[in-house]
Amino acid sequence: MLPGAATASAGPAEAGVTTATATAPATAASADATATAAAPRVGGPLVIAHRGASAYAPENTLAAVDRAGDLGVDWVENDVQRTRDGALVVIHDDTLRRTTDVETVFPDRAPWKVKDFTAAEIARLDAGSWFGARWAGERVPTLKQFLHTVDANRQKLLLEIKGPEQYPGIEKDILRVLRQEGWLDRAHVEEKLVIQSFSAESVRAVHRRHPGITTGFLGTPAAAELPTYAAFTDQINPSHTSLTAGYVAAVHRLKGPHGKPLAVSTWTVNDAAGAVRVRDLGVDGIITDSPDVVRDAVG
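This one's a predicted model, so the numbers in the text were calculated from it and none came from an experiment.

About the criteria used
- Residues numbered from 1 in each chain as written.
- Predicted model: local features only at pLDDT ≥ 70, side-chain atom pairs only at ≥ 80, totals over all residues.
- Heavy atoms only, no water.
- Buried < 20%, exposed > 50% of the residue type's maximum accessible area, 1.4 Å probe, protein only.
- Helix = DSSP H or I, 4+ residues; strand = E, 2+ residues; numbered from the N terminus.
- Arc of directions from axis to C-beta.
- Contact = heavy atoms within 4.5 Å.
- Polar contact = N/O pair within 3.5 Å; in protein donor to acceptor, adjacent residues only side chain to side chain.
- Phe/Tyr/Trp six-rings, centres within 6.5 Å; stacked < 30°, edge-to-face > 60°.
- Lys NZ or Arg CZ within 6 Å of the ring centre and 35° of its normal.
- Core = buried A, V, L, I, M, F, W, Y, C linked by side-chain atoms within 4.5 Å.
- Salt bridge = Lys/Arg side-chain N within 4 Å of Asp/Glu carboxyl O.
- Axes fitted to C-alpha atoms, helices over the stretch in contact; angles between N-to-C directions.
- Parallel < 35°, antiparallel > 145°, perpendicular 65-115°, else oblique.
- Left-handed = near helix turned anticlockwise from the far one by under 90°.
- Nonpolar A, V, L, I, M, F, W, Y, C, P; charged D, E, K, R; others polar.

A.B. asks: Can you walk me through helix α11 (residues 272-281) in this structure?
C.D. replies: Residues lying three or four places apart along an α-helix face the same way, a consequence of the helix completing one turn every 3.6 residues. Looking only at α11, the buried set comprises Gly274, Ala275, Val278 and Leu281. Projected down its long axis, α11 carries its buried residues within an arc of 120°, all on one side. In this structure, the buried side of α11 is in contact with α10 (245-252), β8 (265-266), β9 (285-288) and α12 (291-298). Backbone nitrogen of Ala273 and a side-chain oxygen of the N-cap are separated by 3.3 Å at the start of α11; the cap is Asp271. After α11 finishes, the residue Gly282 shows a positive phi value of roughly 100°.

Below you can see the structure in the form of structure tokens.
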């Protein structure tokens, strides 16, 4: 039910969807609190390396992508934001503080927001030492660099548009880079690419600009609202803490504009017991910092 797996799914809509990130876990339970576990998808859920293999290398770096490749993991997830001069870079937080040495290099630039720095300034930062001395010198990659590495490793990409409300028009920018780097050809669009966001408006914008791309909404919309989301997204991707078998089944009952059932990829599951639990709820994908642990548990 995901690109490159059994199926994919989704499509566009207009009214009735907010940009809220998720509803409370109780919303998922209300879908069917008494349901039994759904049958797992054939072959077990896909395993998706969260920000690369981020338990073993600094998140969202090329090293983390390569580490996922070394582990034999096909799918990697990343986060994309935009610099002051319009470049797209791969980083999770909207500030550079936690995962770089920006406070040392640019001590007078608080609060060190990604959007306040140029691509050249960000390229100077060490994005690895915070994780461990052996990673010193890792950089914040551009989206272009990240795409090249994923392609070189013959991997597939779950791309998250991070904080799109801070970056008006970023969807168009992302699609432009994807096109320039050959990621909007048929092979990539059908088998190797999913674009997701916590913002329904951003997901809708991607679908409107390129309806063929598989999209995902990050969150747990109320079960009654799922048909509206099914008009513009192929996946509903909730936190594992909000999942019930009934909610997964409610998502699976709907078809998106591609005529296939909606899929569920849940985040962020890092232990074997948790992986088995969500597998038995019927999820299609598991997003994890420790893809080898999850793969061994559900494979």
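Moving on from the model shown.
A.B. asks: Help me out: how do you make sense of the packing of aromatic side chains in this one?
C.D. replies: For any pair of aromatic rings, the description consists of the separation of the ring centres together with the inter-plane angle of the planes. Within the structure shown, the criterion is met by six aromatic pairs. Their ring planes at 85° and their centres at 5.7 Å tell us that Phe198 and Trp267 sit as a pair that is edge-to-face. Residue Phe198 is located in the loop between β5 (193-197) and α8 (200-209), and its partner Trp267 is located in the loop between β8 and α11; the two are separated by 69 residues in the primary sequence. Residue Phe198 is classed as partly exposed on the basis of its relative accessible area, which comes to 22%. Classification of Trp267 as partly exposed rests on a relative accessible area of 24%. Both rings, one in Tyr229 and one in Phe232, keep their centres 5.7 Å apart while their planes meet at 40°; by these two values the pair is tilted. Across the pair, exposure class does not vary: Tyr229 and Phe232 are buried alike. In this arrangement the basic side chain of Arg109 is found over the ring face of Phe106, its NZ or CZ atom lying 5.3 Å from the centre. A cation sits over an aromatic face here: Arg134 above Trp135, 4.3 Å from the ring centre.

A.B. asks: How do you make sense of the side chain of Thr61 when you look at a structure like this?
C.D. replies: Mapped onto the elements, Thr61 comes out in the loop between β1 (46-49) and α2 (62-70). Side-chain polar atoms of Thr61 contact the backbone oxygen of Pro58, separated by 2.6 Å. What Thr61 contacts, discounting residues up to four positions off in sequence, is Ala127, Glu138, Arg139, Pro141 and Phe146.

A.B. asks: How do you make sense of the nonpolar core when you look at a structure like this?
C.D. replies: As a rule of thumb, soluble globular proteins bury nonpolar side chains together. Counting 42 residues, the largest nonpolar core has Leu143, Ile174, Leu178 and Ile195 as the members making the most contacts within it. Listing elements by their share of this core, those giving two or more residues are α2, β2 (75-82), β3 (88-90), α5 (143-152), β4 (156-161), α6 (170-180) and β5. Broken down by element, this core gets its largest block of residues, five residues, from α6. Look past the residues within four positions of Ile195 in its chain and what remains in contact with it is Leu159, Ile161, Leu175, Leu178, Val206, Ile213, Thr214, Thr215 and Gly216. The next biggest cluster of nonpolar side chains, apart from the first, holds 25 residues, and it includes Tyr229, Leu243, Ala245 and Leu281.

A.B. asks: Quick question: what am I supposed to make of the pattern of salt bridges here?
C.D. replies: If charged atoms from side chains of opposite charge come close, those side chains can pair. The final tally for this structure, using the stated rule, is 15 salt bridges. Here Lys113 and Asp94 are joined by a salt bridge, their closest N and O atoms 2.9 Å apart. Placement of Lys113 in the loop between α3 (102-105) and α4 (119-123) and of Asp94 in the loop between β3 and α3 is noted, with a sequence separation of 19 residues between them. On the basis of relative accessibility, which here comes to 26%, the residue Asp94 falls in the partly exposed class. Measuring nitrogen to oxygen at the nearest pair gives 3.0 Å for the salt bridge that ties Glu190 to Arg186. Residue Glu190 and its partner Arg186 are located together in helix α7 (residues 186-191), separated by four residues, close to a single helical turn.

A.B. asks: Sorry, what's going on with the environment of Val89 here?
C.D. replies: On the secondary structure map, Val89 appears in strand β3. Taking relative accessible area as the criterion, Val89 reaches 2% and is therefore assigned buried. In sequence terms Val89 and Val114 are 25 residues apart; their C-alpha atoms lie 8.9 Å from each other.

A.B. asks: Is there a simple way to think about the packing of α5 against α6 in this case?
C.D. replies: If you want to describe how two helices pack, look at the angle between their axes and the distance between the axes. Between α5 and α6, the least distance of the axes is 10 Å, while the angle of their chain directions is 45°. Between α5 and α6, the angle is such that the two are oblique. Judged by the twist between their axes, the crossing of α5 over α6 is right-handed. Along the contact surface, α5 presents Leu143, Lys144 and Leu147, while α6 presents Ile174, Val177 and Leu178. Here the contact of α5 with α6 is built from residues that sort into five nonpolar, no polar and one charged.

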